[in-house]
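The chain contents come next:
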Amino acid sequence: MISTESVLESGDQPCIRLEPLVNTHLPGNATPTGGSCAVFIDGTTKVTANGVHDIENRILRITGYYGYNPGYSSHRREDGSESHAETPGSETSEESRSYQTCTNTALKVLGGLLLVLCVSSSWVGTTQVVKLTFQSFSCPFFISWFSSNWNILFFPIYYSGLVVTTREKQTPIQKFRECSKLFGEDGMTLKLFVKRTAPFSILWTLTNYLYLMALKKLTATDVSALYCCHKAFVFLLSWIVLKDRFMGVRIVAAIMAITGIVMMAYADGFHGDSFVGVALAVGSASTSALYKVLFKMFLGSANLGEVAHFLSTMGFFNLIFISCVPLILYFTKVEHLGSLSSLPWGYLCGLAGLWLVFNILVHVGVVLTYPILISIGTLLSVPGNAAVDLLKHEVIFSVVRLAATCIICLGFLLLLLPEEWDSVTLRFLANIADKKSEEHGEELTDSSVHTRSRSRANGTVSIPLA
């Protein structure tokens, strides 16, 4: 018999030939020569004990059983069965990995829902504390400036959380320098500090100041609802400036937001404090949208550490360069501050703390959970403020204002739809239609089988028409 090794060494393709079987006795029967079998291959004789192994190889070679190779035996099949026995273990590992993925997703969603409540509560608390502060201290720009200074604490809070969670070995100065690469490869210079920070700091201050001014004219519910229009303005600016994808449903949402603004201004007529308050709230939403679009344009790829660095830098810029504005307003008697001891420091510190907590939750939540949940948390501040206004301040809402608020909130929800929402919806509806058609076909099959069995029981035969 030609061995496998000689075939492989020759370099030719293996050739399998049927060889004449001289001994036709089956294994277990005695041969005429006394228990041995002679096989003639190419004129040579090979004797095997009882011919068992040789006959088995011949049968397997002829039938091609199990993809026969020379030297294949039943022991190899047993080894193969053992290798196949390892597949259930791999299936178990895949199931464990899928279970772990589902668990992580569930924890992320639950954490996001908890974060939604925290974002909504902090924003409602900020708005209501502002209303309480205005009862004894009506200086909106000073309140905005004082609250913006607390952004300096953003990076220290971020570094403290990093040390607790990851055992950070870098010093705060080293981490601050590492995150300062956001301004360029050379780090932060005085020129870059002013060039990059000044526009964002001015927009930040304007957003807060206009929001506080609007709260002097309107209820907290109306201002928070009008502020939600910033989502529509972000879409329009992103579409124009950043060349984002055009979506018809978002255009409809923007139209709904503008409709709600007009209805809110028309609620008390186009005059008086109501119209001014609506204009101030819309101005706050517009500057907020411009801030977010510019942030996405220049700092869109920033990580959480770089964002914390940037917000702390904005706090320093506010403290150094914008401190002159409250002084100018004080000496021109636009805002009367009074003595330092007469200031409501409790309300001011509580307001600044809540505002800082809100900003931390917004920026951290985008990294830890889904960004859509943060937007929903901002939207939930509208019914939250409405509940406080109704129960505590006994505010009576007109039908026009309620309708305008509902339209703005509905437009906000439409803006949260993903870009591929239409194709996803069509696939979902197509799957439902396919399932219904399959169920209908199964019902027809079952009914036809039942009809045939009943007609056979009655002895009737149906003859198909030609």
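Bear in mind the structure is a predicted one, so any value in this text is a computation, not a measurement.

About the criteria used
- Each chain carries its own residue numbering, running from 1 in the direction its sequence is written.
- At least 70 in pLDDT is required for a residue's local features to be given in this predicted model, at least 80 for side-chain atom pairs to be given and counted, and no such filter applies to totals for whole chains, interfaces and linings, which use all residues.
- To get the side-chain values, all heavy atoms of the structure are used, and hydrogens and water are removed first.
- For this analysis, a salt bridge means a side-chain nitrogen from Lys or Arg found within 4 Å of a carboxyl oxygen belonging to Asp or Glu.
- Where helices and strands are cited, they refer to DSSP runs of H or I of at least four residues and of E of at least two residues respectively, numbered from the N terminus.
- Throughout, exposure labels follow a simple rule: accessible area from a 1.4 Å probe, protein chains only, divided by the maximum for the residue type, with under 20% read as buried, over 50% as exposed, and the rest as partly exposed.
- Helix span is expected to be 1.5 Å times the residue number reduced by one.
- Put simply, buried Ala, Val, Leu, Ile, Met, Phe, Trp, Tyr and Cys residues joined by side-chain atoms within 4.5 Å make one nonpolar core.
- In what follows, residue pairs with any heavy atoms lying within 4.5 Å of each other are defined as contacts.
- Geometry of aromatic contacts follows a simple scheme: Phe, Tyr and Trp rings, the Trp one being its six-membered ring, pair when their centres are within 6.5 Å, and the pair is stacked under 30 degrees between planes, edge-to-face over 60, tilted otherwise.
- Think of each axis as a best-fit line through the C-alpha atoms, taken over the contacting stretch in the case of a helix, with angles from 0 to 180 degrees between the N-to-C directions.
- Angle categories are assigned with fixed cut-offs, so that under 35 degrees is roughly parallel, over 145 is roughly antiparallel, 65 to 115 is roughly perpendicular, and the rest are oblique.
- The classification used treats Ala, Val, Leu, Ile, Met, Phe, Trp, Tyr, Cys and Pro as nonpolar, Asp, Glu, Lys and Arg as charged, and all other residues, Gly among them, as polar.

Things to note about the pattern of salt bridges
Link 1 in the chain: Enumeration over the complete set of coordinates arrives at 2 salt bridges.
Link 2 in the chain: Where E178 meets K175, a salt bridge forms, and the shortest distance between an N and an O atom there is 3.8 Å. Taken together, the positions of E178 and K175, both in helix α7 (residues 172-179) and 3 residues apart, correspond to about one turn of that helix.
Link 3 in the chain: Looking at E178, the relative accessible area reads 35%, which means it is partly exposed.
Link 4 in the chain: Residue K175 is classed as buried on the basis of its relative accessible area, which comes to 10%.
Link 5 in the chain: The salt bridge involving D222 is made with R401; its shortest N-O contact spans 2.8 Å. Here D222 is found in helix α9 (residues 220-227), whereas its partner R401 is found in helix α18 (residues 399-415), with 179 residues between them in sequence. Residue D222 shares its accessibility class with R401, and that shared class is buried.

Some points on helix α15 (residues 345-368)
Link 1 in the chain: Along its 24 residues, α15 runs 33 Å from first to last C-alpha, staying within 8% of the 34 Å computed at 1.5 Å per residue.
Link 2 in the chain: By the burial criterion, the buried members of α15 are L348, L351, A352, G353, W355, L356, F358, N359, I360, L361 and G365.

Describing the environment of G272
Link 1 in the chain: Relative to the assigned elements, G272 resides in helix α12 (residues 272-299).
Link 2 in the chain: The sequence separation of G272 and K217 amounts to 55 residues, and the corresponding C-alpha distance is 9.4 Å.

Considering unusual backbone geometry
Link 1 in the chain: Even without glycine at this site, K333 takes up a positive phi of about 60 degrees.
Link 2 in the chain: Looking at the secondary structure, you find K333 in the loop between α14 (324-331) and α15.
Link 3 in the chain: Unlike most non-glycine residues, E394 shows phi in positive territory, near 55 degrees.
Link 4 in the chain: With respect to the secondary-structure elements, E394 resides in the loop between α17 (381-391) and α18.

Regarding the nonpolar core
Link 1 in the chain: F137, F142, L215, L226 and V278 are the most contacted members of the largest nonpolar core, which has 66 residues in total.
Link 2 in the chain: Counting residues per element, this core draws most heavily on helix α8 (residues 190-217), which supplies 8 residues.
Link 3 in the chain: If sequence neighbours within four positions are ignored, L215 has contacts with T127, V130, K131, F134, A220 and V223.
Link 4 in the chain: If you look at the next biggest cluster of nonpolar residues, it comprises 20 residues, including F154, L182, L203 and A308.

Section: the packing of aromatic side chains
Link 1 in the chain: What the rule picks out here adds up to 25 aromatic pairs.
Link 2 in the chain: Centroid distance W123 to F358: 4.5 Å. Interplanar angle 25 degrees. Geometry classified as stacked. One end of the pair, W123, is in helix α4 (residues 87-134); the other, F358, is in helix α15, and 235 residues separate them in sequence.
Link 3 in the chain: By relative accessible area, which is 9% here, F358 ends up buried.
Link 4 in the chain: The interplanar angle of 85 degrees and the centroid separation of 5.2 Å between the aromatic rings of F200 and F310 together place this pair among those described as edge-to-face.

Thoughts on the packing of α8 against helix α13 (residues 304-321)
Link 1 in the chain: The N-to-C vectors of α8 and α13 enclose an angle of 80 degrees; their axes lie 9 Å apart at closest approach. Relative to α13, the element α8 lies roughly perpendicular. Residues F193, V194, R196, T197, A198, F200, S201, W204 and T205 of α8 form the contact with α13, whose own contacting residues are F310, L311, T313, M314, F317, N318 and F321.
Link 2 in the chain: Class assignment for the residues of the contact of α8 with α13 results in 10 nonpolar, 5 polar and 1 charged.

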